[in-house]
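# Structural overview
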Amino acid sequence: MAPRVAVLGAGSWGTALAATAARKRPTVLWARQAAQAADMATSHENARYLPGVSLPAALEITADLDAALAHAAGAGGTPLLILGVPVAGLESLCTALAERLPALGCPAYHVVWTCKGFDEARGRLPHEVARDVLAGVPSVSMGVLSGPSFAREVAQGLPVGLTVASADTRLCEAATAALHGGAVRVYAGADIVGVEVGGAMKNIIAIACGVSDGLMLGTNARAALITRGLAEMTRLGVALGARPETFAGLTGLGDLVLTATGELSRNRRVGLDIGAGRKLADILADGMTAEGVRAARAALARASSLNVDLPITAAVCAVLFDGVAPMTAVSTLLARDARPESGDLRVPD
């Protein structure tokens, strides 16, 4: 019997992945709010996050975390737990798993998270958060699932390419078996750090591109920001131990291009609004959530501790948090000294 899947977190991305997995094998989606779970179970729709998108009838939905975990553990094979929560909610969910998994009696678990960003409080990447909490739980293998993907398109069954990264090839095989097929292609790798840095940094660069477009600086400027943003992403990633080639793939360049240019990008939307003259506090007050806002200062602090230069990220932080006018930040970037392009991308010895 194929291992079962539990997707924990009923936001847009968790719901989209649960719908994808449910078309292949028994899958349960856990929603934190009982009212949301009941409404989704009745309507087969996530009206809050994916209105108008029908969910598979086979998808089970519950607000009972213990029931969701029991579902995943209730068949042969290693359960696959997909954590579909933002970085801000990852530590608390991992803590709940650390408390519950040992009692379920399964010999092993595959745990995959999908969040993109840095922990605001301590500047940790998701794997560092998960490792800090789950390292003491026996037989838990961990990995990350990422890639250029808007949840609505995935839930609608449109084509998408994703990457799963883990040191455990069996976890990669399990995630691939659960999600790969039809319009979904899943590629496997081992570079968790590279995948996570790409996922975090692309949101920050997308804000910069949105600001540029809001200021109507043109498509040349956007292309330059994407390209130089990729250089920033690579520098930080390599300094943290990532493989440079990862950033030429789906979770680097691919996700950066999508988030910096796509109309469904919340991070780009925040930048557009700021470039048009709106204040960040007003944008956030409207309910807009963009991981790039949460990640920017943590990324800059992490880079500073490693003596890594992130000028675009610094400019985004100056505009978002220090009251610097967007055009002033642009002028600062343009005033930087000329330098060889290839030098920024060279891998340190």
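Criteria and thresholds
- Residues numbered from 1 in each chain as written.
- Predicted model: local features only at pLDDT ≥ 70, side-chain atom pairs only at ≥ 80, totals over all residues.
- Heavy atoms only, no water.
- UniProt positions renumbered as here; feature names shortened; annotations may be inferred.
- Helix = DSSP H or I, 4+ residues; strand = E, 2+ residues; numbered from the N terminus.
- Rg over C-alpha atoms; globule rule 2.2 N^0.38 Å.
- Buried < 20%, exposed > 50% of the residue type's maximum accessible area, 1.4 Å probe, protein only.
- Contact = heavy atoms within 4.5 Å.
- Areas by Shrake-Rupley, 256 points an atom, 1.4 Å probe, with all protein chains shown as cover.
- Pairing = 2+ DSSP bridges.
- Axes fitted to C-alpha atoms, helices over the stretch in contact; angles between N-to-C directions.
- Domains from an automatic or database assignment.
- Buried area = accessible area lost by both parts, 1.4 Å probe.
- Salt bridge = Lys/Arg side-chain N within 4 Å of Asp/Glu carboxyl O.
- Polar contact = N/O pair within 3.5 Å; in protein donor to acceptor, adjacent residues only side chain to side chain.

If you look the protein up in an unreviewed UniProt entry, it shows as Glycerol-3-phosphate dehydrogenase [NAD(P)+] from Bordetella flabilis. Recorded under Subcellular location (unreviewed entry), the UniProt text for the protein is reproduced unchanged: "Cytoplasm". Under the heading Pathway (unreviewed entry), UniProt records this for the protein: "Membrane lipid metabolism; glycerophospholipid metabolism."

## Remarks on the overall build of the protein
For the protein, the count of helices and strands is 16 helices and eight strands. The C-alpha atoms of the protein give 20 Å as radius of gyration, which agrees with the globular expectation for 349 residues (20 Å, within 12%). Here the protein, with 349 residues, has 54% of them falling under the buried criterion. Relative to all contacts within the protein whose residues are 6 or more apart in sequence, the contacts with residues 24 or more apart total 71%. Surface summary for the protein: the accessible area is close to 14700 Å², and the carbon and sulfur share equals 54%.

## A closer look at the sheet that holds strand S2 (residues 27-30)
As summarised here, the arrangement of the eight strands in space is S3-S2-S1-S4-S5-S6-S7-S8, forming an open sheet in which the pairing is mixed. Only two strands of the sheet have a single partner each, and these edge strands are strand S3 (60-62) and strand S8 (184-189). Neighbour-to-neighbour, the strand axes of this sheet turn through a mean angle of 25°, independent of strand direction. Looking at chain direction, strand S1 (residues 5-8) and S2 are connected through four bridges and run parallel. When the sheet's bridge partners are listed, Val5 is paired in S2 with Thr27.

## Topic: the domain arrangement of the protein
Domain annotation for the protein reports domain 1 (5-190) and domain 2 (200-343). Using only C-alpha atoms to locate each centre, domain 1 and domain 2 end up separated by 27 Å. Across the boundary between the two partners, domain 1 contributes 23 residues, which contact 21 residues of domain 2. Summed over both partners, the interface of domain 1 with domain 2 comes to about 1700 Å²; 68% of that surface belongs to carbon and sulfur atoms. Counting across the interface, domain 1 meets domain 2 through two salt bridges. The residue Lys116 makes a salt bridge to Asp255 at a minimum N-O spacing of 2.7 Å. Connecting domain 1 to domain 2 are three residue pairs in polar contact (both at pLDDT 80 or more). Going through the elements one at a time, helix H4 (87-104) and strand S7 (160-166) are the ones with two or more residues in the side of domain 1 that touches domain 2. The element that contributes the greatest number of residues to the side of domain 1 that touches domain 2 is S7, accounting for three residues.

## Quick notes on unusual backbone geometry
Backbone geometry at His44 places phi at a positive 55°, although glycine is not the residue there. Secondary-structure assignment places His44 in the loop between helix H2 (34-43) and S3. On the accessibility criterion, His44 (30% relative accessible area) is partly exposed. A positive phi angle, close to 60°, is found at Asn307, a residue other than glycine.

## Points about the UniProt feature "binding site: substrate" (unreviewed entry) in the protein
Under the feature "binding site: substrate" (unreviewed entry), the UniProt entry names Lys116, Arg266 and Asn267. These annotated residues cover 152 residues of sequence, and their C-alpha atoms all fall within 13.1 Å of one another, placing them together at a single site. Locating Arg266 in the fold gives a position in helix H11 (residues 266-275). Ignoring sequence-local partners within four residues, the contact set of Arg266 consists of Met288, Thr289 and Ala290. In this fold, Asn267 is placed in helix H11. With relative accessibility at 7%, the residue Asn267 sits in the buried group. Contacts of Asn267, omitting those with residues within four sequence positions, involve Asn203, Ala206, Ile207, Thr259, Ala290, Glu291, Gly292 and Val293.

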